[in-house]
Amino acid sequence: MIRIGVNALYLIPGGVGGTEIYLRNLLRALAEIDAVNQYVVFTNRETGADLVPDRPNFEQARQSVRAAVRPARILWEQLALPFAIRKHRIGVLLNPGFTAPLVCACPMVTVFHDLQHKRHPEYFRWFDLPFWNFLLWAAARRSRGLIAVSQATADDLERYYGRSAIVIHHGVERQFFEISQHREPRNYLLCVSTTHPHKNLERLLRVHAQMKNAPKLILTGVRGFAAKEIEILASDAVEIAGWIPRDQLYELYRGALGFIYPSTFEGFGMPVLEAMAAGVPVACSDIPPLREIAGSTVQFFDPASDSEIRDALVLLASGKIPTEAAQRRAAEFSWEKTARATLDYLSKCSS
């Protein structure tokens, strides 16, 4: 039996995008497959009680810090969390959100969702970048094991930090496969994405605005650094829904005529996998992580090409993109598989 700690101090509900979906689904899947090991989830003051599964072998250790105050959260992670880890007699610590304490009494495994700060530092605010550079470098160096969510991210870890990582893909929620059985497509296209610059949403909106009789475009996701520019560009044919509860998101997938994802950089690309599982026709950027997920089962386009994005929108509106192969591909990903691989790796790194 191992006492597994989970460093969830980074989690701001509705504020960190895909890493929140990752953590919630991973914990839920671990609870379903593992009744032997003990889990202690270190949470902040914003985290609700619903994060930690209601199982006898799961415990919430609430810390007196707010993640929204980033300097305080970083200091707590470095100075106070190590004492809490020792107090709870943790055997191995999982850091699912990039960063880790520099000093820890037990082995650590850290999850890297991407290395955007290295690949595209221009997308970061000047005062944030030094902290990203130092904290992620330190986490890579101090952790016994590293998890990359895609081969593309594992390659970046090797390139920038000289560390090898095990690749453990994200899963996809069962609800998306159920949606595919009850689809009611309506006249709108869906894009699920944080409004950050690398998501390429400004180009998408400009192309969409130039089209005649284009279906309505619904954007949903965390409000990011490019939100103001995107809101200015949005026409009456664009709805910006922001971050919404999962039940509402399921309904948007159920009714979407198609799904478009024009991002120029990803660590994984979870929304693409969700759309594939839901049986929604998909058009997305031709970049390595999305190729890794989808293979050849979706419509790819060059995210730097207005004409290719326009052609993708037209093709989605026509309903001529097949979905069967994409759904079969999505069935290869599950949170149970993610949880089993993660638990196996944590066990190896704890000894």
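Everything below is about the structure shown above.
The structure reproduced in this document is the subject of the present report. For every chain, the first residue of the written sequence is number 1, and numbering continues from 1 along that sequence. Local features in this predicted model are restricted to residues of pLDDT 70 or higher, and side-chain atom pairs are both shown and tallied only at a pLDDT of 80 or more, whereas totals for entire chains, interfaces and linings draw on every residue. For side-chain calculations, the full set of non-hydrogen atoms in the structure is used, while hydrogens and water are omitted.

## Describing the overall build of the chain
- In terms of helices and strands, the chain carries 15 helices and 13 strands.
- With C-alpha atoms as the basis for the radius of gyration, the globule rule is written as 2.2 Å multiplied by the number of residues raised to the power 0.38. Computed over the C-alpha atoms, the radius of gyration of the chain is 20 Å, within 12% of the 20 Å expected from 2.2 N^0.38 for a compact globule of 351 residues.
- Contacts in the chain between residues far apart in sequence, at least 24 positions, make up 65% of those at least 6 positions apart.
- Residue burial considers only the protein chains on display, and all accessible areas are found by Shrake-Rupley using a 1.4 Å probe. Surface exposure of the chain reaches about 15,200 Å², of which carbon and sulfur atoms provide 52%. Numbering of helices and strands runs from the N terminus; a helix is a DSSP stretch of H or I covering at least four residues, while a strand is a stretch of E covering at least two. Here, two residues are considered to be in contact whenever any of their heavy atoms come within 4.5 Å of each other.

## Focus: the nonpolar core
- We define a nonpolar core as any set of buried Ala, Val, Leu, Ile, Met, Phe, Trp, Tyr and Cys residues linked to one another through side-chain atoms lying within 4.5 Å. Each residue gets one of three labels from its accessible area relative to the maximum for its type: buried under 20%, exposed over 50%, partly exposed in between, using a 1.4 Å probe on protein chains only. The biggest cluster of nonpolar side chains holds 67 residues, and the ones touching the most others in it are Tyr-253, Phe-259 and Met-276.
- It is helix H1 (residues 18-33) that contributes the most residues to this core, eight residues altogether.
- In this structure, Met-276 is in contact with Val-282, Ile-293, Ala-294, Thr-297, Val-298, Ala-326, Gln-327, Arg-329 and Ala-330, ignoring residues within four places of it in sequence.
- Among the nonpolar cores identified, the runner-up in size contains 27 residues, and Leu-9, Ala-84, Ala-100 and Leu-136 belong to it.

## Remarks on the packing of H1 against helix H15 (residues 335-350)
- The angle between two axes is taken between their N-to-C directions and runs from 0 to 180 degrees, where each axis is a line fitted to C-alpha atoms and a helix contributes only its stretch in contact. Packing of H1 against H15 brings their axes to within 8 Å, and their N-to-C directions diverge by 80°. One finds that H1 runs roughly perpendicular with respect to H15. Residues Ile-21, Tyr-22, Asn-25, Leu-26, Ala-29, Leu-30 and Ile-33 of H1 lie in contact with H15, whose contacting residues are Trp-335, Glu-336, Thr-338, Ala-339, Arg-340, Thr-342 and Leu-343.
- Residues are grouped as follows: nonpolar covers Ala, Val, Leu, Ile, Met, Phe, Trp, Tyr, Cys and Pro; charged covers Asp, Glu, Lys and Arg; every other residue, Gly included, is treated as polar. Here the residues of the contact of H1 with H15 are counted per class, giving nine nonpolar, three polar and two charged. To sort the angles, those under 35 degrees are grouped as roughly parallel, those over 145 as roughly antiparallel, those from 65 to 115 as roughly perpendicular, and the leftovers as oblique.

## Digging into the environment of Cys-104
- By the element assignment, Cys-104 lies in the loop between strand S4 (92-95) and strand S5 (108-112).
- On the basis of relative accessibility, which here comes to 19%, the residue Cys-104 falls in the buried class.
- As for Cys-104 and Tyr-123, which are separated by 19 residues in sequence, their C-alpha atoms are 31 Å apart.
- The residues contacting Cys-104, other than those within four sequence positions of it, are Ile-85 and Leu-93.

## Observations concerning the sheet that holds strand S1 (residues 3-7)
- Taking strand neighbours across the sheet as the criterion, the seven strands line up as S3-S2-S1-S4-S5-S6-S7 in an open arrangement whose pairing is parallel. A single partner strand is all that each edge strand has here, and the edge strands are strand S3 (58-62) and strand S7 (166-167).
- Summarising the sheet, strand S6 (residues 145-148) and S7 pair through two bridges and their orientation is parallel. Among the inter-strand pairings, Ala-148 is bridged to a residue of S7, identified as Val-167.
- Packed on one face of the sheet, H1 meets S1, strand S2 (38-43), S3, S4 and S5 and runs near 145° to S3. DSSP-based pairing: two strands are paired if at least 2 bridges between them are found.

Note that all results are geometric; they support no functional claim without further evidence.
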